[in-house]
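Geometric and topological summary
The chain contents come next:
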Amino acid sequence: MSTSRLPREVWVLVAANFIIALGYGLVAPALPTFARAFDVSVTAASVVVSAFAVARLVFAPASGRLVSLVGERRVYLIGITIVAASTGACAFAANYWQLLLFRSLGGFGSTMFTVSAIALLIRLTPAPLRGRASGLWSTGFLTGSVAGPLFGGGLLTVSLRAPFVVYAVALLVVVVFVWWFLRHSTLTAAVATTSADFTLRSALRHRSYLAALGSSFANGWAVFGVRVALVPLFVEEVLHRDGAFAGTALGVFAAGNVAMLVVSGRLADSWGRKPLVLAGLVVSGFGTAWVGMTTTLPWFLTATVVAGLGAGLLGPPMQATVADVIGSRGRGGPALATFQMAADLGSVLGPIVAGLMADHLSYVTAFAVTGALCGLAALGWVTAPETLPRTPHQTHEATRQHPTPDEALGTELPGREDGLTEGDHRATDPA
């Protein structure tokens, strides 16, 4: 496999991710309004939104196991099909409880294709290009999720049910698209037939994986939880702007994020994963805490851009680290699912805890604690080893001239493509 360019299969996954996110953006603004149409409270409408994330969190371990048992490509296609069916069913829900059930089922399918997509990305991408692939994959999702609401607003003028129908059809198009372009792929065929497996226990013995879990939790808390839940309220109650400006604020954050994602991925493949993750956590934490301290619009937007840049800086190298630890030789479904669960757990707990702080203390406290959580996650990376694979020449020279204590003892082999410790291989070796 060439290490100078990304395989065609990676670009297929990036394109599919964009379409999936575009459809998700169509549905997101319509869902609470649709739920309220059944004459339920605001809290009940919010439960429909949260049910999707909760279902993802609950089903993540099973999704990881399915990847190991059935194969990445098959789980990916089945997961998207489930989301398509559940989304189409939402369009025809006759009451609130049906809508809640169908939306929850979509969360099961969502975690299936998320975990399997990351697994495919890991297996298909040469180790020196993993940061770049992760950056492109994240960019595809983010740009799609930003563009989606622009089209979704127009569909809402047609019908509250229209976005669900369009999203369901778009997902079925993705299923056909991915199946068609990957059906004869030798790379994905090799993935589908391998019997190797990388256990969660082996991953948990790697310090870099543990650090990635901490940063994934903090990122989920800050970006997918607190920012979505508190920024609209902060805009209205502190900055005294209408709710429509909250969309602008989230768009500014996304712009900063997109601007950094691809750059971060490339730097992670040349400078290393660890420096980029550390810088991303520090910048993201600082920007998030700063948002809560702003009282004027210019400073708020500036802080929002800084937080977006930090989140973009963090994402690709963090995902590439997990890919390095798991490696391309064995399926790592359970380890990937746990990594995804960390982010989902943060996105579920973040709005609740930060919301309580905002209610009983202040917005400043809520955003400051969230920023501090990013800083705490950064501490976990201080002792974590770099996982970017070295070239054979670099590995030989570094070991000959400046062997580290771990290398001298034979316990850490960061130059290995799979990123495992020697102890990890003993744990997974049948002998």
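Residues numbered from 1 in each chain as written. Predicted model: local features only at pLDDT ≥ 70, side-chain atom pairs only at ≥ 80, totals over all residues. Heavy atoms only, no water.

In terms of helices and strands, the chain carries 18 helices and 0 strands. Taken over 431 residues, the chain has a buried fraction of 53%. For the chain, restricting intrachain contacts to residue pairs at least 6 apart in sequence, the fraction spanning at least 24 positions comes to 85%. (Helix = DSSP H or I, 4+ residues; strand = E, 2+ residues; numbered from the N terminus. Buried < 20%, exposed > 50% of the residue type's maximum accessible area, 1.4 Å probe, protein only. Contact = heavy atoms within 4.5 Å.)

To continue, consider the side chain of threonine 321. The topology assignment puts threonine 321 in helix 13 (residues 297–326). Given the relative accessible area of 1%, threonine 321 is considered buried. Apart from residues no more than four positions distant in its own chain, threonine 321 is found in contact with Ser208, Arg273, Trp381 and Thr387.

Inspection of every chain in the model, using the stated rule, returns 8 aromatic pairs. Summarising the aromatic geometry, the rings of tyrosine 96 and tryptophan 97 are spaced 5.1 Å apart at their centres and angled 75° between planes, so their arrangement reads as edge-to-face. Note on tryptophan 179 and tryptophan 180: the rings are 6.2 Å apart at their centroids and 55° apart in plane angle, and the pair reads as tilted. Overall, the relative accessible area of 45% leaves tryptophan 179 in the partly exposed class. Put simply, the rings of Phe286, Trp290 and Trp299 pair up and form one aromatic cluster. (Phe/Tyr/Trp six-rings, centres within 6.5 Å; stacked < 30°, edge-to-face > 60°.)

Further remarks concern the environment of glycine 25. With respect to the helices and strands, glycine 25 occurs in helix 1 (residues 8–27). With 117 residues separating them along the chain, glycine 25 and leucine 142 place their C-alpha atoms 9.8 Å apart.

A few words now on helix 5 (residues 96–124). End to end, helix 5 covers 42 Å across 29 residues, agreeing with the expected 42 Å (1.5 Å per residue, within 8%). In terms of burial, helix 5 is largely enclosed, as 23 of its 29 residues are buried. Of the residues that open helix 5, the one with a side-chain oxygen 3.1 Å from the backbone nitrogen of tryptophan 97 is asparagine 95. (Expected span 1.5 Å × (residues − 1). Polar contact = N/O pair within 3.5 Å; in protein donor to acceptor, adjacent residues only side chain to side chain.)

A separate point is the packing of helix 1 against helix 4 (residues 72–91). Where helix 1 meets helix 4, the closest approach of the two axes is 13 Å, and the angle between their N-to-C directions is 20°. Overall, the two elements helix 1 and helix 4 adopt an arrangement that is roughly parallel. Two packed elements cross with a definite hand, and for helix 1 against helix 4 that hand is left-handed. The segment helix 1 lies against helix 4, with Leu13, Ala16, Ile20 and Val27 engaging Tyr76, Ile80 and Thr87. Its residues assigned to classes, the contact of helix 1 with helix 4 shows 6 nonpolar, 1 polar and no charged. (Axes fitted to C-alpha atoms, helices over the stretch in contact; angles between N-to-C directions. Parallel < 35°, antiparallel > 145°, perpendicular 65-115°, else oblique. Left-handed = near helix turned anticlockwise from the far one by under 90°. Nonpolar A, V, L, I, M, F, W, Y, C, P; charged D, E, K, R; others polar.)

With that settled, the discussion passes to the confidence of the model for the chain. The share of residues in the chain with pLDDT of 70 or more is 77%, and the mean pLDDT across the chain is 75. Considering only residues more than four positions removed or in separate chains, one finds that residues 392–431, a stretch of pLDDT under 50, has 59 contacts. (pLDDT = per-residue confidence, 0-100.)

What follows covers empty space enclosed by the protein. Under the criterion given, the structure shown has 3 cavities of 30 Å³ or more. What lines the largest cavity is Leu121, Ile122, Thr125, Arg130, Ala133, Ser134, Gln319 and Ala323. Top element by residues in the lining of the largest cavity is helix 6 (residues 130–156). It accounts for 3 residues. (1 Å grid on protein atoms, 1.4 Å probe; cavity = no way out; pocket = protein on both sides within 12 Å on 5 of 7 lines; lining within 4 Å. Points joined across faces, edges and corners; volume = space filled by probe spheres on them.)

Within the secondary structure, glutamine 340 is located in helix 14 (residues 333–360). For glutamine 340, the residues in contact, after removing those within four places along its chain, are Arg56, Thr114, Val115 and Ile118.

Their axes nearest at 7 Å, the elements helix 12 (residues 273–293) and helix 13 cross at an angle of 150°. Taken together, helix 12 and helix 13 sit at an angle that is classed as roughly antiparallel. Crossing geometry of helix 12 relative to helix 13 is assigned as left-handed. Counted by class, the contact of helix 12 with helix 13 contains 19 nonpolar, 8 polar and 2 charged residues.

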